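Topology and contacts: notes
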Amino acid sequence: MSRRVRWREGASRNAIRASAAALLLVLGSGSVLAGGDPEAGAKVAETCQACHGPDGNSPSPLFPRLAGQYADYLLKTLEDYRSGERDNAVMKALVAQMSDQEMEDVSAFYASQPGPLFTIKLTR
Ligand code: HEC
C-alpha cells in the first residue's frame, strides 16, 4: 500500500512539473507582446512625477507606488482608466491624452525602476 502511495506522489510531482513548464511557456510567449521602450517612457513619466515620484516610488501614501510593478499590470490599469473600467477622475484625464505607445513605454519605464515593491521575477 505505501509503495502504491509513493508511486502516486511521484506521478503527481511529474504532473506538477509538466504544468509548471507549460505555464512558463505561456508566460514566456507573452513577452513578445509587451513592447514598451523604458527610455521613451522616462519622457512620458515627467507628467506623472508630481504625484508618483520621479521614479515611481511615490513619497505619499495617497499615490500608488509604480516602481518595480509588472509592466503588463501597469498597462492594463492605464487602459482601464481610459475605458472607465477603473474609475478615477485624475487618472482618466491623464490617460485620455496618451497614445497606446506612450502607455506601453511609461509602463515599461516604471517596471524597470527599482524600489521596495516585491514582485516575483518572471522569465521575460
Ligand atoms: C495629480 C496626481 C497624479 C498624476 C499627475 C498621475 N497620477 Fe497616476 N494615480 C494617481 C492616483 C490618486 C491614483 C490612484 C487612483 C485610484 O484609486 O484608482 C493613481 C493610480 C495610478 C496607477 C494605478 C496603480 C496601481 O497599482 O493600481 C497607475 C498605473 C498610474 N497612476 C500611472 C500614472 C501615469 C503613467 C501617470 C503619468 C502619465 C500618472 N499616473 C500621473 C494620481 C496621479
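**Brief notes about the site of the ligand**
- Taken together, 17 residues lie near the ligand, and Cys-48, Cys-51, Pro-64, Thr-77 and Asn-88 sit nearest.
- Every element with two or more residues in the shell around the ligand is listed here: α3 (49-52), α4 (71-83) and α5 (89-95).
- In the shell around the ligand, the residues fall into twelve nonpolar, four polar and one charged.

**Here's the deal with the nonpolar core**
- Counting 16 residues, the largest nonpolar core has Ala-45, Leu-74, Val-106 and Tyr-110 as the members making the most contacts within it.
- If one sorts the elements of this core by residue count, helix α6 (residues 100-111) sits on top with six residues.

**A word on α4**
- Between the first and last C-alpha of α4 there are 18 Å, a value that for 13 residues agrees with the 18 Å anticipated at 1.5 Å per step.
- Among the residues making up α4, those that are buried are Ala-71, Leu-74, Leu-75, Thr-77, Leu-78 and Tyr-81. Down the axis of α4, the buried set is contained in an arc of 160°. They therefore lie on one face.
- Considering only its buried residues, α4 is in contact with α5 and α6.
- Positive phi shows up at Gly-84, right after α4, with a value of about 95°.

**A closer look at α6**
- With twelve residues, α6 should cover 16 Å at 1.5 Å per step; its first-to-last C-alpha distance of 17 Å lies within 8% of that length.
- Taken together, the buried positions of α6 are Met-103, Glu-104, Asp-105, Val-106, Ser-107, Ala-108, Phe-109, Tyr-110 and Ala-111.
- As for α6, its buried residues are in contact with α2 (38-44) and α4.

**Observations concerning the confidence of the model for the chain**
- Across the chain, pLDDT averages 84, with 72% of residues at or above 70.
- Taken element by element, the predicted model of the chain shows its lowest mean pLDDT in helix α1 (residues 2-30) (55) and its highest in α6 (98).
- Below pLDDT 50 for its whole length, residues 23-33 participates in eight contacts with residues either more than four positions away or in separate chains.

What counts and how
- Residues numbered from 1 in each chain as written.
- Predicted model: local features only at pLDDT ≥ 70, side-chain atom pairs only at ≥ 80, totals over all residues.
- Near = placed C-beta within 6 Å.
- Helix = DSSP H or I, 4+ residues; strand = E, 2+ residues; numbered from the N terminus.
- Nonpolar A, V, L, I, M, F, W, Y, C, P; charged D, E, K, R; others polar.
- Core = buried A, V, L, I, M, F, W, Y, C linked by C-beta atoms within 7 Å.
- Buried ≥ 20, exposed ≤ 12 C-beta atoms within 10 Å, placed from the backbone.
- Expected span 1.5 Å × (residues − 1).
- Arc of directions from axis to C-beta.
- Contact = placed C-beta atoms within 7 Å.
- pLDDT = per-residue confidence, 0-100.

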